[in-house]
Amino acid sequence: MSDMLIKLLSTDAIIALVIGAFVTYIVKWLATKDGEKFKAYEGYAITAIKAAEKAIPDDSANKGINRLNFALQIFLARYEKAAGVTAKPEEVAKIESWISEIHSVLESAGILTKAST
């Protein structure tokens, strides 16, 4: 029974459903008062993502997580300096997801391939 459940949860449709729900949650969060305060710093996020793409080579181990961490640290430093506040742990988790979302959009648009050349 558990094997069947694991196979069902591993299907592309279920994974897409979970990702869709998460993206919907992030989009709704961005529409809230808390999310809007980070939306104003979207330029920082884009700059941090581009910097991470250049700083972490494509052939490095764990490049995805290292690039995300690099971009997150750059964004948080700039955000905290500009806003004069320290992001709370739950905000950092949401910002991390938001940066991943922005990265996906930039990658889909071909902007990151242009930036890394």
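Within each chain, residues carry numbers counting from 1 in the order of the written sequence. At least 70 in pLDDT is required for a residue's local features to be given in this predicted model, at least 80 for side-chain atom pairs to be given and counted, and no such filter applies to totals for whole chains, interfaces and linings, which use all residues. Excluded from the side-chain calculations are hydrogens and water; all other atoms, namely the structure's heavy atoms, are used.

### Here we look at the overall build of the protein chain
This is how the line gets drawn: Each helix is a run of H or I in the DSSP string that is no shorter than four residues. Each strand is a run of E no shorter than two, and both are numbered from the N terminus. Categorising residues by exposure relies on relative accessible area from a 1.4 Å probe, with only protein chains included: less than 20% of the type maximum marks a residue as buried, more than 50% marks it as exposed, and the intermediate range marks it as partly exposed. Residue contacts are defined here by distance: any two heavy atoms, one from each residue, within 4.5 Å place the two residues in contact. Surface accessibility in these figures is a Shrake-Rupley result with a 1.4 Å probe; residues are shielded only by whichever protein chains are displayed.
When helices and strands are tallied, the protein chain shows 7 helices and 0 strands. Mapped from its N terminus to its C terminus, the protein chain presents α and β elements in the order α-α-α-α-α-α-α. The buried share of the protein chain, reckoned over its 117 residues, is 26%. Looking at the protein chain alone, contacts between residues at least 24 apart form 60% of all its contacts between residues at least 6 apart. Of the roughly 7,700 Å² of accessible surface on the protein chain, a fraction of 62% belongs to carbon and sulfur atoms.

### Looking at the nonpolar core
Filter applied, for reference: Nonpolar cores are built from buried Ala, Val, Leu, Ile, Met, Phe, Trp, Tyr and Cys residues. Side-chain atoms within 4.5 Å join them into one set.
The biggest cluster of nonpolar side chains holds 20 residues, and the ones touching the most others in it are I49, F75, L76, I95, W98 and I99. Elements that contribute at least two residues to this core include exactly α4 (42-55), α5 (63-83) and α6 (89-108). Apart from residues no more than four positions distant in its own chain, F75 is found in contact with F38, Y41, Y44, A45, A48, I95, W98 and I99.

### Structural notes on the packing of α5 against α6
Selection criterion: Between N-to-C directions, angles cover 0 to 180 degrees, with each direction set by a line fitted to C-alpha atoms, over the stretch in contact for helices. For this classification, under 35 degrees means roughly parallel, over 145 means roughly antiparallel, 65 to 115 means roughly perpendicular, and everything else is oblique. Two helices that cross are described as forming a left-handed crossing if the nearer one is turned anticlockwise from the farther one by less than a right angle, and a right-handed crossing if clockwise.
Relative orientation of the contacting elements α5 and α6 amounts to 120°, with a least axis distance of 10 Å. In this view, α5 runs oblique relative to α6, as classed from their interaxial angle. By crossing handedness, the relation of α5 to α6 is classed as right-handed. Counting all contacts with α5, which are made through L68, A71, L72, F75 and L76, the residues of α6 involved are V92, I95, E96, W98, I99 and S100.

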